[in-house]
2 protein chains.
Amino acid sequence: MSAKRRPTMADVASLAGVSLSTVSLTYSGAGPISPDMRARVERAASELGYAGPSPQAQALRSGRSRVVGLVIHERLHFAFRDPFTLRVLDALIGDLGEMGQGVLLLPSPSEDSTEPNLLATASMDAAVLMRVRDHDEPALDILARRELPFAIVEGTAPGAAAITIPDRRATADLIRHLMELGHERIATVTLPRGGRKGTGIYEGELLAGALWTPTRNRLAAFEDAGIEPCVVIESGASMVEEGVAAGHLAFSHPSKPTAVVCQSDLLAGGVVLAARELGLSVPDDVSITGFDGLDLPWLQPLDLTTVPQDGAAKGHLIAQGVKALLDGDEPPVIELPLEIRVGNSTARAPQ
Amino acid sequence: MSAKRRPTMADVASLAGVSLSTVSLTYSGAGPISPDMRARVERAASELGYAGPSPQAQALRSGRSRVVGLVIHERLHFAFRDPFTLRVLDALIGDLGEMGQGVLLLPSPSEDSTEPNLLATASMDAAVLMRVRDHDEPALDILARRELPFAIVEGTAPGAAAITIPDRRATADLIRHLMELGHERIATVTLPRGGRKGTGIYEGELLAGALWTPTRNRLAAFEDAGIEPCVVIESGASMVEEGVAAGHLAFSHPSKPTAVVCQSDLLAGGVVLAARELGLSVPDDVSITGFDGLDLPWLQPLDLTTVPQDGAAKGHLIAQGVKALLDGDEPPVIELPLEIRVGNSTARAPQ
DNA sequence: ATCTCAGTTCGAAACGTTTCGACTTCTAGG
DNA sequence: CCTAGAAGTCGAAACGTTTCGAACTGAGAT
């Protein structure tokens, strides 16, 4: 018995007694094919166990691989831990799937190593960056060199499709809301800044070193509101555990904050837990705000003051952006609207 | 000015004044290339802005696309919501990345539609199924037709690599633990069974219709323990919200269960919240068990009686299985060990 | 001066499609 | 009866690599 090769279109063609092009036309759907011809080809194919055109050959010949790369910055474990991100990706991946595009997970290229990174070598038609550094983003260089079109979520770059949110303005609204309630010592818990890992107090220039755009924008909001945070705590990831640790740091800080602005609801939830552990009442002793508008059932009856985002809408918009890229259209630049929602986690500052 | 084509190896070769094969050898690392030749090629490449070998051509020629497909059954939103799954995927994706393999997210093929599914058409070297139906799994047919090697997590199929857990035995241990504490009316909250969506009471034959292997195994454990659950509640996904809804159903059921066996910690967490809302004390009024051994900070000081799993270890093992598949080795079949861990969410049944 | 043998480099044949223009038929209009 | 055009099918040229065996170069051995 021969080591049987996988059948190809040529095999199907010769068994069906037609030309290779005809078989190709049958599968691709392009070109006019008579019904009986189609039947003949299909019978030959199933007789041979032909599984359809080789994707790799299709990709080479047509120049499209039907794959969109998704750059993941942290360990997946962290990146996908946030239900909001998940909702965005859910919509995005669903839409891309309907467009016949698969989604390839790509670890972010580390700046230090020159080791071959998947972003540089994997076959794809476009890429989506879920976040970007304001400067010195190695992914951008790689994409530029490969001449791959790409979309950026919460960030911008020349030539890229961009989906942004006015998070700076919304955060400033949140801070003003707290100031109107009489708060003067406001702490803030940030998302990762792009540098060191792990939760801790960040000392020094407010913005310097805040590489990730969202972290940076939401910190800059303090300037807009005309107040300085009494302590800035950087979290290692958007997770409840990190929020708990950050809360303990905040509440034991000598500046005695009466309010904590958190850059995500998950962090805010953790800060609430820390407050409770320390016997502080929310919102009577301390006001806490979040971001994203998640539904956290275990926080009930507390209802966070936060900035709700529509994750699905965001995902759909990104997909739309990718579609434009794939069609060779002008890359769209879109900003989603954002308004704060006042819950019962913020109240008048204690005397 | 010409519409400038992307440069190819041939362009690099002719600019460097060497043969195409030499350039290929330079990039692939195979074959002996003298240092000055390498330098010459590299200079020519950077002069042209050559971004490296085309992945699509490489894939066609070498027959390897450096992509592993990951079949997602539900909406990503649900599938990735569970921190445990995330931890598994984190390790898996990391390991595969180190092997130079990207991970392609594939929505599960729906049995009804004959529409072209990505699993059938995407280019990949192997696939991973995170779960499988005991019978009638359309994914298996597609993979067989394509002659793609694949690994199954929590399930088996002839010819496939398999990573399983003795969840049936472990669940039986959990049930026996409850019986020893005097519980006689035990409810159970299952993961999705594979059919209808949404949380609700399931009436009828215990196992019939429980298509997903894990759901089925953990239900079958009741038979092993020699007791029948007083009510079976199927959840729509492994999520806290679903657990809350399930808890309400359980505690308002006429059979008045004194214990609830939940097929995941997230569901158990939700059931605990439901109990609290109804003024029931855990574990004094009702005992609750979980599965997976997650760290749920918001549940403190409650410490679930559960069956801890090592997500990272599982992910590493899957990667190892995939590696074997890619190397053409015998597909490994591995079972991870499992032991129950008694916390303070279970206690003597109330009088 | 000839032979051998590494150490390198080169030619050419795949890999399995898509696609474009050309080539048959066949139908219908004049 | 002739012919324009539509419908269906076919040939052949890419797409950009990898890879195998052959060919070329000196250096040392004879």
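All values derive from a computational prediction rather than experimental measurement.

Engineer: I keep staring at the protein's contact with DNA strand C and nothing clicks. Help me out?
Structural biologist: In the vicinity of DNA strand C lie 22 residues, with Ser24, Tyr50 and Arg61 of chain A together with Thr22 and Arg61 of chain B positioned nearest. Restricting attention to atoms of DNA strand C within 4 Å of the protein, one finds that 55% of them are sugar or phosphate atoms. Separating a phosphate oxygen of DNA strand C from a side-chain N or O atom of Ser24 of chain A is a distance of 2.5 Å. Here a base nitrogen of DNA strand C and a side-chain polar atom of Ser21 of chain B are 2.8 Å apart. Listed by contribution, the elements that provide at least two residues to the surface near DNA strand C are helix 2 (20–28) and helix 4 (55–62) of chain A together with helix 2 (20–28) and helix 4 (55–62) of chain B. Looking at which element gives the most residues to the surface near DNA strand C, the answer is helix 2 of chain A, with 4 residues. Partitioning the surface near DNA strand C into residue classes produces 11 nonpolar, 9 polar and 2 charged.

Engineer: When you look at the state of the cysteines in this model, what are you seeing that I'm missing?
Structural biologist: Disulfides are covalent bonds that link the sulfur atoms of two cysteine residues. All names here are of chain A. Summed over the entire model, instances satisfying the criterion amount to 0 disulfides over all chains. Of all cysteine sulfurs, the one in Cys230 lies closest to Cys262, which takes part in no disulfide; the gap is 12 Å. Accessibility expressed as a relative area gives 1% for Cys262, which makes it buried.

Engineer: Could you clarify how one ought to interpret the pattern of salt bridges in this entry?
Structural biologist: Side chains that differ in sign of charge can pair as their charged atoms come close. Inspection of every chain in the model, using the stated rule, returns 20 salt bridges over all chains. Salt-bridge contacts for Asp224 of chain A lead to Arg168 of chain A; the nearest nitrogen and oxygen are separated by 2.8 Å. Remark: Arg168 of chain A occurs in helix 9 (residues 167–180) and Asp224 of chain A occurs in helix 10 (residues 213–225); sequence separation between them is 56 residues. Assessed through its relative accessible area of 34%, Arg168 of chain A is described here as partly exposed. The salt bridge partner of Glu234 of chain B is Arg193 of chain B, with a shortest N-O separation of 3.6 Å. Highlighted residues: Glu234 of chain B in strand 8 (residues 231–234) and Arg193 of chain B in the loop between strand 6 (186–190) and strand 7 (200–202), separated in sequence by 41 residues. The burial state of Glu234 of chain B is the same as that of Arg193 of chain B; both residues are buried. Within the structure, one salt-bridge network assembled from shared partners comprises Glu154, Asp167, Arg218 and Lys314 of chain A.

Thresholds applied
Residues numbered from 1 in each chain as written. Chains lettered and ligands numbered in written order. Predicted model: local features only at pLDDT ≥ 70, side-chain atom pairs only at ≥ 80, totals over all residues. Heavy atoms only, no water. Near = heavy atom within 4 Å. Polar contact = N/O pair within 3.5 Å; in protein donor to acceptor, adjacent residues only side chain to side chain. Helix = DSSP H or I, 4+ residues; strand = E, 2+ residues; numbered from the N terminus. Nonpolar A, V, L, I, M, F, W, Y, C, P; charged D, E, K, R; others polar. Disulfide = S-S within 2.5 Å. Buried < 20%, exposed > 50% of the residue type's maximum accessible area, 1.4 Å probe, protein only. Salt bridge = Lys/Arg side-chain N within 4 Å of Asp/Glu carboxyl O.

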